[in-house]
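Chain and residue survey
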Amino acid sequence: MKKIELLAPAGDLERLKIAFTYGADAVYIGGEIFGMRSAAKNFTIEEMKEGVEFAHNLGKQVFVTINIIPRSEELEQLPPYLLQLQEIGVDAVIVSDAGVFSIVKKTIPNMEVHISTQASTSNSVAAKFWYEQGAQRVVTARELSFEEIRSIRDNVPEDMDIEAFVHGAMCMSYSGKCVISNYTTGRDANRGACAQPCRWKYNLVKENENGEYEEVINGIDSSFFFNSKDLCMIEYIPQLIECGITSFKIEGRMKTALYVATVTRAYRRAIDDYLKDPSVYRKNLAWYREEIGKCTNRRFTTGFYFGKPTSDDHIYDSSTYVKSYTYLGTVEETDSRGRCRIEQKNKFSAGETIEVMKPDGQNLEVTVESITDHEGNEQESAPHPKQILWVKLSGDVSVFDILRRKEEAVD
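Everything quoted here is computed from the prediction, not taken from an experiment.

Reading guide: rules and limits
- Residues numbered from 1 in each chain as written.
- Predicted model: local features only at pLDDT ≥ 70, side-chain atom pairs only at ≥ 80, totals over all residues.
- Heavy atoms only, no water.
- Helix = DSSP H or I, 4+ residues; strand = E, 2+ residues; numbered from the N terminus.
- Buried < 20%, exposed > 50% of the residue type's maximum accessible area, 1.4 Å probe, protein only.
- Polar contact = N/O pair within 3.5 Å; in protein donor to acceptor, adjacent residues only side chain to side chain.
- Core = buried A, V, L, I, M, F, W, Y, C linked by side-chain atoms within 4.5 Å.
- Contact = heavy atoms within 4.5 Å.
- Salt bridge = Lys/Arg side-chain N within 4 Å of Asp/Glu carboxyl O.
- Arc of directions from axis to C-beta.
- Pairing = 2+ DSSP bridges.
- Axes fitted to C-alpha atoms, helices over the stretch in contact; angles between N-to-C directions.
- Parallel < 35°, antiparallel > 145°, perpendicular 65-115°, else oblique.
- Left-handed = near helix turned anticlockwise from the far one by under 90°.
- Nonpolar A, V, L, I, M, F, W, Y, C, P; charged D, E, K, R; others polar.

Among the secondary structure elements, glutamate 163 is positioned in strand β7 (residues 161–168). The class for glutamate 163 is buried, based on a relative accessible area of 1%. There is a polar contact of 3.2 Å between the side chain of glutamate 163 and the side chain of lysine 249.

The following block contains the structure:
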C-alpha cells in the first residue's frame, strides 16, 4: 500500500508553516495568477520560494494551483510563470484545463502534474487518459462514492495517485463548475472569483396558468436550498484507505490558521492511529470528532461517499456557521520572561481563561496574566485586530502554538 498523504490548504505563508507543523505531508497553494481562489491572500514568488524551502527542510512538498479556465490572451503569461515555479523547486502543479496541461508539459516537462477536481474525473477511462498524457495524479470528482473511487483505483496503473477531498466546504455545482456567481455578481467562479451566492437565501417559485406565483420548494425553511453542509470524513478513515485514496485533501485556502491547524492535527492523528493500530483509532473517535467540531463549520455531511445524499443530508435551513472556538493568535516568539509574541486576531482580555493548542495534540487551559503592546505598555484587553502583543500566560508555550477561546453555546 502506498503511503497515505495528508494534503492541507495554505492561503498564505503563515498557514503553510502551520499546516506542516500540525502534521501535513504536503500543502497546496495559489500564486497571484492562475488560481481558483483569487480572494485568498495567495503567494508572491518570493513567499512561494520561502514556503518551498521551509517544506523541503522538513522533507515535505508544495503543490501550486494553476486550475482556472483561462482565456487565450492570458496564456502568454503562463510559460514564464511555470519556469519560475520550476526554478524555486515547486513539487507539482494542479491543472484542470487541457491547454494549460499542454503548455506545462512543453515548458517544464519534468514537473509533476496533478489533475484538479475541476476536470470532473469520474471514471477510470478519464483517469487513464490523463495518465497517458503524463499526469501523475487525479483529484477525483467530489460526487463519487467509495465504490466508484475503488473502481478507478482498480483500473488505473498502480503508480497513479488518487487524491480526494475528505474535509471542508462543498460546492453545490458539479465538481465546482458553477455559473451562478458570474450570473448574479459578474464574478466568475471558474476564474477564481466566486462570490458564493449558493450561501444566500432564495425563494423558488413558478408561474401558474393564472399568472400567479407558487412556491416550488416547501418546508419549514427551504430558502437555503443551494447551501451545502461541510464535508467531514474523520470517522471513515478505514473506508477512505480501503477504496484506494492515496492523498487525503482538506479544503480551505480561505480559512484561518486555527482551522488549518485543528483539521490537519485531527486527521494526522486519526490516520496515524489507524495505520498503527485500528483499535486505537476506534478508541479515539470521540477525540477526533470533538476536535474537528472546534472549527467553524456549516455542520457536517459525508457528501457522496455513501451514494447520492438526501436533502436532509446535504442541505439545510440556514447559512449560519457553527463556531465553538475563537482564534486569538499564533505564537511567533517567546522570551526569557515567559511571554509570547502574537499578532492578535480577535479580542481577548487579561484575566481570561483561554486554551493553548499544541501540535502534539495537547490542549492546555491557561489564564492570560498580562498583555503588553510592542512599546511595553500594559493593556487590559486586546481589542484591535493585527496588533502585535506580548502575552504572559499561566502555562508554557512554544512557537507555533495556537491560542483560542471556547465560546459559550447559544441556544
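From this point, the narrative continues.
With that out of the way, let us pick up the nonpolar core. The biggest cluster of nonpolar side chains holds 94 residues, and the ones touching the most others in it are Ile66, Ile237, Phe248, Tyr267 and Tyr305. In terms of residue count, helix α9 (residues 257–276) provides more of this core than any other element does, eleven residues in total. With near-sequence residues (within four places) excluded, phenylalanine 248 lies in contact with Ile4, Glu5, Leu6, Leu7, Ala164, Val166, Ile237, Leu240, Ile241 and Ile271. Grouped together as the second largest cluster of nonpolar side chains are 16 residues, Val331, Phe348, Ala382 and Val391 included.

For the rest of this paragraph, the subject is the pattern of salt bridges. Summed over all chains, the structure comprises 26 salt bridges. Across the salt bridge formed by glutamate 163 and arginine 137, the nearest N and O atoms sit 2.7 Å from each other. With glutamate 163 in strand β7 and arginine 137 in strand β6 (residues 137–139), this residue pair connects regions lying 26 residues apart in the sequence. Like arginine 137, glutamate 163 is buried. A salt bridge links glutamate 355 to lysine 294, with the nearest nitrogen and oxygen atoms 3.8 Å apart. Here glutamate 355 is found in strand β17 (residues 353–357), whereas its partner lysine 294 is found in the loop between α11 (285–292) and β12 (300–301), with 61 residues between them in sequence. Here the two residues glutamate 355 and lysine 294 agree in accessibility, since each one is buried. Beyond isolated ion pairs, a larger network of salt bridges with shared partners links Glu5, Arg137, Asp161, Glu163 and Lys249.

With that out of the way, let us pick up α11. Think of an α-helix as 3.6 residues a turn; residues three or four steps apart then line up on the same face. Within α11, the full set of buried residues consists of Leu285, Trp287, Tyr288, Glu291 and Ile292. Seen from one end, α11 has its buried residues packed into an arc of 165°, which puts them on one side.

As a further point, take the sheet that holds strand β15 (residues 339–343). The pairing of strands in a sheet happens through backbone hydrogen bonds and is either parallel or antiparallel. Taken in spatial order, the seven strands make up an open sheet running β13-β21-β17-β18-β20-β15-β14, and their pairing is antiparallel. Of all the strands in the sheet, the pair left with one neighbour each is β13 (325–330) and β14 (333–334). Across five bridges, strand β18 (residues 363–373) lies against strand β20 (residues 388–393) in antiparallel orientation. By the bridge assignment, isoleucine 371 is partnered in β20 with valine 391. Most of the contacts of α9 go to strand β21 (residues 402–406), to which it runs at about 95°, and overall it touches β13, β17, β18 and β21.

Contact geometry for α9 and α11: axes closest at 9 Å, N-to-C directions at 165°. Relative to α11, the element α9 lies roughly antiparallel. Once α9 is placed against α11, the crossing between them reads as left-handed. Judged by residue contacts, Thr262, Val263, Arg265, Ala266, Tyr267, Arg269, Ala270 and Asp273 of α9 engage Trp287, Tyr288, Glu291 and Ile292 from α11.

Quick look at the packing of helix α1 (residues 13–21) against helix α2 (residues 45–57) now. Closest axis-to-axis distance for the α1/α2 pair is 10 Å, and the angle between their directions is 10°. In terms of orientation, α1 lies roughly parallel with respect to α2. The segment α1 lies against α2, with Leu13, Leu16, Lys17, Phe20 and Thr21 engaging Glu47, Glu50, Gly51, Phe54 and Ala55. Among the residues making up the contact of α1 with α2, the classes are represented as five nonpolar, two polar and three charged.

Most of β17 sits out of view: four of its five residues are buried. Pairing analysis gives five bridges linking β17 to β18, with the strands arranged antiparallel. Counterpart to isoleucine 354 in the pairing with β18 is valine 366. From the end of β17 to the start of β18, which pair antiparallel, there are five residues, and glycine 361 there has a positive phi angle of about 105°. Here three bridges tie β17 to β21, and the two strands are oriented antiparallel to one another. Counterpart to valine 356 in the pairing with β21 is leucine 403.

No statement about biological role is implied by the geometric values presented.
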